[in-house]
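Overview (structure and organization)
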Amino acid sequence: DAGVIQSPRHEVTEMGQEVTLRCKPISGHNSLFWYRQTMMRGLELLIYFNNNVPIDDSGMPEDRFSAKMPNASFSTLKIQPSEPRDSAVYFCASRQGQSNTEAFFGQGTRLTVV
Amino acid sequence: GNSVTQMEGPVTLSEEAFLTINCTYTATGYPSLFWYVQYPGEGLQLLLKATKADDKGSNKGFEATYRKETTSFHLEKGSVQVSDSAVYFCALSRVENNDMRFGAGTRLTVKP
């Protein structure tokens, strides 16, 4: 398996623009997580899905952020409108089974909002 | 709420020194505990885990023991190498809702 695939790897956009980050989890995995990594806040859990259903989105910073998982093989994280403080590395991770199993991470999307 | 607290970094050690990175957690029930490592420009990858009290996880010379009485999961290695330079994250996951939450990360630099 190719692992968790995120796209794009890098994104530079202007303030106010819509940004969509994409994630393809490992086939067969039933949980998917979105994280944001910054120097100031470390690795924050934004939202996670079990069996394509959002379970907890309390980590989503504002209404400008939204995430979907229309099927088991695809998820998106959208920011509209984007702001400079959204600049960070966004990671997607997936895992199979229960809470004692390993989560596999993608390589991340580095977002820069200017 | 459920959370993980790690010792603040950065940590700088000489090669062959002993490493300890402290991790304590707050959680209801009996979470599973993990250590992940992140090398520059990459995503996180699992280093070791423990799923119940008194379990010891180990990998690549690193060890951590799940201590429920002190709610801790400290990472140790007896002799670090330059190649161990990375950011280390402690994490917990609960069976009640299957989430996974991380500490802030500790950057380790090992000098020759």
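Predicted model only: the values in this text are computed from it and were never measured.

1. Observations concerning the overall build of chain A
A count of helices and strands for chain A gives zero helices and eleven strands. Its helices and strands in sequence order give chain A the pattern β-β-β-β-β-β-β-β-β-β-β, from N to C terminus. Computed over its C-alpha atoms, the radius of gyration of chain A comes to 13 Å, within 12% of the 13 Å expected for a compact globule of 114 residues. Projected onto its principal axes, the C-alpha positions of chain A cover 40 × 30 × 25 Å. The burial tally for chain A puts 47% of its 114 residues in the buried class. As presented, chain A carries roughly 5600 Å² of accessible surface, and 49% of it is formed by carbon and sulfur atoms. Counting 11 positive and 12 negative side-chain charges, chain A places the averaged centre of each group 3 Å from the other.

2. Quick look at the interface of chain B and chain A
Many descriptions give the size of an interface as the accessible area lost when the pieces come together. Contacts between the two partners involve 23 residues from chain B, matched on the other side by 24 residues from chain A. Interface area, chain B with chain A, both sides summed: about 1800 Å², of which 47% is carbon and sulfur. In this structure, the connection of chain B to chain A is made through one salt bridge. In this structure, Arg101 of chain B engages Asp56 of chain A in a salt bridge whose closest nitrogen and oxygen atoms are separated by 3.1 Å.

3. Quick look at the nonpolar core
Ranked by size, the top nonpolar core spans 25 residues in total, and within it Trp35, Leu48, Phe73, Leu75 and Tyr88 of chain B carry the most contacts. Elements represented by at least two residues in this core include exactly β2 (11-14), β3 (19-21), β4 (23-26), β5 (32-38), β6 (44-50), β8 (62-65), β10 (86-93) and β12 (106-111) of chain B. It is β10 of chain B that contributes the most residues to this core, four residues altogether. Of all hydrophobic cores here, the second largest spans 21 residues; its members include Cys23, Phe65, Ala67 and Ile79 of chain A.

4. A look at the pattern of salt bridges
Scanning the model with the defined rule gives twelve salt bridges over all chains in all. Residues joined in a network through salt bridges with shared partners are Glu62, Arg64, Glu83, Arg85 and Asp86 of chain A.

5. Section: the sheet that holds strand β3 (residues 19-24) of chain A
Residue and element names in this part refer to chain A. The strand order across the open sheet formed by four strands is β1-β3-β8-β7, and the pairing between neighbours is antiparallel. Only two strands of the sheet have a single partner each, and these edge strands are β1 (5-7) and β7 (65-71). Neighbour-to-neighbour, the strand axes of the sheet open up by a mean angle of 15°, direction not taken into account.

Parameters at a glance
Residues numbered from 1 in each chain as written. Chains lettered and ligands numbered in written order. Predicted model: local features only at pLDDT ≥ 70, side-chain atom pairs only at ≥ 80, totals over all residues. Heavy atoms only, no water. Helix = DSSP H or I, 4+ residues; strand = E, 2+ residues; numbered from the N terminus. Rg over C-alpha atoms; globule rule 2.2 N^0.38 Å. Buried < 20%, exposed > 50% of the residue type's maximum accessible area, 1.4 Å probe, protein only. Areas by Shrake-Rupley, 256 points an atom, 1.4 Å probe, with all protein chains shown as cover. Lys, Arg positive; Asp, Glu negative; His and termini not counted. Charge placed at Lys NZ, Arg CZ, Asp CG, Glu CD. Contact = heavy atoms within 4.5 Å. Buried area = accessible area lost by both parts, 1.4 Å probe. Salt bridge = Lys/Arg side-chain N within 4 Å of Asp/Glu carboxyl O. Core = buried A, V, L, I, M, F, W, Y, C linked by side-chain atoms within 4.5 Å. Pairing = 2+ DSSP bridges. Axes fitted to C-alpha atoms, helices over the stretch in contact; angles between N-to-C directions.

That is the geometry; function is a separate question.
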